[in-house]
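# Structure assessment
What follows is the residue order along each chain.
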Amino acid sequence: MKNLSDIRPDETVIVIKVSGESSTMRRIMEMGITKGTAVTVKKIAPLGDPIEVTVRGYELTLRKSEASQVLVH
Amino acid sequence: MKRTIALVGNPNSGKTSIFNELTGSTQYVGNWPGVTIEKKEGTLRKNKHIKLVDLPGVYSLSPYSPEEIVTRDYLVSKEVDLIVNIVDGTNLERNLYLTSQLMETGTPVIIALNMIDAVKRSGASIDSDKLSLLLGMPVIETSAVKGTGLENLVNTIADEHVTASKQFEYSPEVESALSGITALLPDAIAQHARRWHAIKLFERDQNVLIRMQLSDEVKNKIEHIIATTEASLDDTSEGIITNDRYFAISNIVSQCSIQAKIQGKLTSSDKIDKVVTNRWIAIPIFFVVMWGIYYIAIQGIGELTIGWMEWLFADFIGANIRLLLESAGTSAWLTNLVVEGLIGGVGSVLSFVPQMMILFFFLSLMEDSGYMARVAFIMDRVFRKFGLSGKSFIPMLIGTGCSVPAIMASRTIENLRDRRMTVMLVPFIPCGAKLPVFALLTASFFSGSAWVASSMYLIGIIMVIISGIVLKRTKAFAGESAPFVMELPSYHMPRIKQVAIHMWERSKMFIKKAGTIIALASVLIWIAQSIDWTFASADPSQSILASVGKILAPLFVPLGFGTWQATVAIITGLMAKETVVSTLQIVLGTNGADIIGLHDVFSPLSAYAFMIFILLAAPCIAAIGATYNEMKSKRWTFAAVLFQTSVAYIMALFVFQFGSLLIR
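Please read all numbers here as calculations on a predicted model, not as lab measurements.

Regarding its fold elements, chain B presents 29 helices and 12 strands. Counting only C-alpha atoms and orienting by the principal axes, one finds that chain B spans roughly 85 × 55 × 55 Å. Counting across all 664 residues of chain B, residues that qualify as buried make up 45%.

Residues and elements named next belong to chain B. One finds Ala609, Phe610, Met611, Ile612, Phe613 and Leu616 to be the most contacted residues of the largest nonpolar core, which totals 176 residues. Two domains share this core, each providing at least three of its residues, namely domain 1 (3-158) and domain 2 (172-258). If sequence neighbours within four positions are ignored, Phe610 has contacts with Leu441, Phe561, Ala566 and Phe602.

This next bit is on the pairing of strand 1 (residues 3-9) of chain B. Residue and element names in this part refer to chain B. Of the pairings in the sheet, the one linking strand 1 to strand 4 (residues 47-54) comprises 5 bridges and is parallel in character. For Leu7, the partnering residue across the bridge sits in strand 4 and is Asp54. Looking at chain direction, strand 1 and strand 5 (residues 82-88) are connected through 5 bridges and run parallel. Across the sheet, Val8 pairs through a bridge with Asn85, a residue of strand 5.

This part takes up the interface of chain B and chain A. Quite often, the size of an interface is put as the accessible area lost when its parts meet. With 31 residues of chain B at the interface, the matching set in chain A holds 31 residues. When residues of the side of chain B that touches chain A are traced back to their parent elements, those giving at least two are helix 3 (92-104), helix 11 (237-256), helix 13 (282-327), helix 16 (371-384) and strand 10 (486-487) of chain B. Bridge count for strand 5 (residues 58-62) of chain A against strand 10 of chain B is 2 bridges, and the pairing is antiparallel. Pairing of Thr61(A) across the sheet is with Met486(B), part of strand 10 of chain B.

Moving on: the confidence of the model for chain A. Mean pLDDT over chain A: 91, with 100% of residues reaching 70 or higher. Mean pLDDT per element in chain A: helix 1 (residues 23-30) of chain A is the minimum at 89, and strand 4 (residues 51-55) of chain A is the maximum at 95.

It is worth spelling out the pairing of strand 5 of chain B at this point. In terms of burial, strand 5 of chain B is largely enclosed, as 6 of its 7 residues are buried. Read as a crossover between parallel neighbours, the route from strand 5 of chain B over helix 3 of chain B to strand 6 (residues 109-114) of chain B is right-handed.

All names here are of chain B. Domains assigned within chain B are domain 1 (3-158) and domain 2 (172-258). When residues of the side of domain 1 that touches domain 2 are traced back to their parent elements, those giving at least two are helix 3, strand 7 (125-126) and helix 5 (128-135). Take the side of domain 1 that touches domain 2: its biggest share by element is 6 residues, from helix 3. Among the residues making up the side of domain 1 that touches domain 2, the classes are represented as 11 nonpolar, 4 polar and 4 charged.

The 7 strands are arranged 1(A)-6(A)-2(A)-3(A)-4(A)-5(A)-10(B) in an open sheet whose pairing can be described as antiparallel. On the outer flanks of this sheet lie strand 1 (2-3) of chain A together with strand 10 of chain B, each paired with one strand and no other. For strand 2 (residues 12-18) of chain A and strand 3 (residues 38-44) of chain A, the ladder comprises 3 bridges, and the chain directions are antiparallel. Bridging from a neighbouring strand, Ile14(A) pairs with Ala38(A) of strand 3 of chain A.

What follows deals with the environment of Pro46(A). Residues and elements named next belong to chain A. Among the structural elements, Pro46 can be located in the loop between strand 3 and strand 4. You can call Pro46 partly exposed: it has 19 C-beta atoms within 10 Å. Placed 37 residues apart in sequence, Pro46 and Pro9 show a C-alpha to C-alpha distance of 13 Å.

All names here are of chain B. With their axes 8 Å apart at the nearest point, helix 28 (residues 621-631) and helix 29 (residues 634-663) run at an angle of 140 degrees to one another. When the axis of helix 28 is compared with that of helix 29, the two are oblique. Regarding helix 28 and helix 29, the two cross each other, and that crossing is right-handed. Residues Ile624, Thr627, Tyr628 and Met631 of helix 28 lie in contact with helix 29, whose contacting residues are Trp636, Thr637, Ala640 and Val641. A per-class count over the contact of helix 28 with helix 29 returns 6 nonpolar, 2 polar and no charged.

Definitions and limits used
- By convention here, each chain's residues receive numbers from 1 onward along its written sequence.
- Chain letters start at A and ligand numbers start at 1, both assigned in the order the entries are written.
- Two thresholds apply to this predicted model, a pLDDT of at least 70 for residue-level local features and 80 or more for giving and counting side-chain atom pairs, whereas whole-chain, interface and lining totals are computed over all residues.
- Starting at the N terminus, helices and strands are each numbered in turn, a helix being any DSSP run of H or I of at least four residues and a strand any DSSP run of E of at least two.
- Each residue is classified by how many other C-beta atoms fall within 10 Å of its C-beta atom, where C-beta atoms are placed from the backbone; a count of 20 or more means buried, 12 or fewer means exposed, and values in between mean partly exposed.
- Only buried residues count toward a nonpolar core: Ala, Val, Leu, Ile, Met, Phe, Trp, Tyr and Cys, linked into one set through C-beta atoms within 7 Å.
- Domain start and stop points were drawn from an automatic or database domain assignment.
- By definition, residue pairs are in contact when their C-beta atoms, positioned from the backbone, come within 7 Å.
- Only strands that DSSP links by at least two bridges are regarded as paired with each other.
- A residue's pLDDT is simply how confident the predictor is in it, with values from 0 to 100.
- Whether a crossover is right-handed comes down to one check: with the strands pointing away from the viewer, does the path from the first strand over the helix to the second run clockwise; if it does, it is right-handed.
- Charged residues are taken to be Asp, Glu, Lys and Arg, nonpolar residues to be Ala, Val, Leu, Ile, Met, Phe, Trp, Tyr, Cys and Pro, and polar residues to be all remaining types, Gly included.
- The axes are straight lines fitted to the C-alpha atoms, using for helices just the contacting stretch, and the angles between their N-to-C directions are given from 0 to 180°.
- Convention used here: angles under 35 degrees read as roughly parallel, angles over 145 as roughly antiparallel, angles from 65 to 115 as roughly perpendicular, and any remaining angle as oblique.
- Helix crossings fall into two classes, left-handed where the near helix is turned counterclockwise from the far one by less than a right angle and right-handed where it is turned clockwise.

Structure below.
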């Protein structure tokens, strides 16, 4: 098991669990990163953070600090 | 009977275009009570008995941002007879998430499946009849850009037989928890709203919980139900229900849509993106783009149009009105008041309008094409260092033109704390109106050296950063750092109509301010500098304005510019920053283009301290007004102005005192 923040660009993973109870983590789930969803990491911003992912057919950006709370395999 | 229809949809779903098409020119734009969120209303073009309300673009109905709270409260307020949910067909799953929450409210919903042309072009397809069947609500295919399907949409809206849609069935665990909670609800809650309240209580929604005023016994029972469900599914209640909603949606989407599967082939959006967010050249590209925009807007066309506008107001309108008034036998004093005070004052502000419109044109172009979102993506890392997010960068960028639209642009920031901080810090960025002040003093004291003006940008940016770090440590701004979860919309060719509307809406408000507050302030200041306390006409140095300046001047002695002339310039600068220049001209007297007494009032060091003070102190009235509009609180507005002025005072003091030591 890994975190979404460890995934390299162009790799596709499946979400196992979204942890944390902050409103930001809740927003991340509402934007479509939920259990069982396929997420592709598209790229990492030029300064190393945030990351861009493709989820449910659109592009979403989130920071590594939040991505690290998304368990994937 | 008048019916009320609410338009709801995700940001970028084309909601505003559909609203404009449906209502034509019958719109009314106001604010939601108590918040700074725009409320747009209109009546249906073909049926004046149907009122349309355009709600803010939101991703969900959770109380995450002020926009979502407004939308949600309005939708459950019984005022709405029907919800028209604009769904972006190219992004079906995520858009249907909001739909699932709309269905829960118990209000009838119809779907406008928008951008259907783009769906077909991409090679995908959506069976809208099947979607309608599965969701249990009418689904109308539309394309706001092409204007198709709108008539069909209007007919469906006018049909009064649309009933509340069916509800998704969630997992057995959730359904049993919901029926347990529903049984505990007070009888006062209407039948159609019971499920919504049960779901909100299950999500532990504090807004709803407080409003319902349940007894402690009921609260404990509900909490027990939630905790049991959470334990059996090993997740938070919010997580459980979000998963369930998406599960139901994926199920429906897989039954009625065929995704375009083009493996390995890059769309043109991807190709553009590969270049502009490239690891190595993204930041250089961004600076080149910005430099280009400023070169064209401020240097190129800007210089030209400022000349024209000055000619228009001074030599054409001003001169002709003077002739007209003189031939009508108006007293010299009144003539001067109208020509120099009113037309001169308003003109000096309006002369920036063309330049600003060009700037806004480019900024709107960046926004509409999708590039602006990438800029926030690229710059987020820098901004989070001092507690803000990449989203704050956009207002700062607009602030280099004018703080007023920049402060308004802070609305895209969901988090209220970040929004407030951005509004407070944007005026530190040197706006277009401060440039003439820097130009005047740099030419006079530093032989026009370019580093002096550049240093103002640098000081402005540094003050934004330091203030961000310091404010983050205060109670009002403490807490987790600004979140950054943002959709990156696909690039597309900017629609000229959209860009033009955007540009005009931003400029309009600037012009409106010039015609109202600035006109009034110009007249008052002109009167104050032309009469003394006996109301007899007087030399500027004996005027009411001068005597006020003399009272306040000692405040600025430690800063090196404690003269009444400089003080008066600071006061009039509140009206509009460029009036600092015209005030110095009036009170010191001019010889051609030169201001005669400038060197009597300032030394090079105090001139520099003065520039810093002008840069950082309370912005102009228009910007303070915009601050109030966004903060919707006198206390916060006062705090912002006090903070800015204190920072300005401390910085100018520091520079002058340390500078004096060094020079000695």
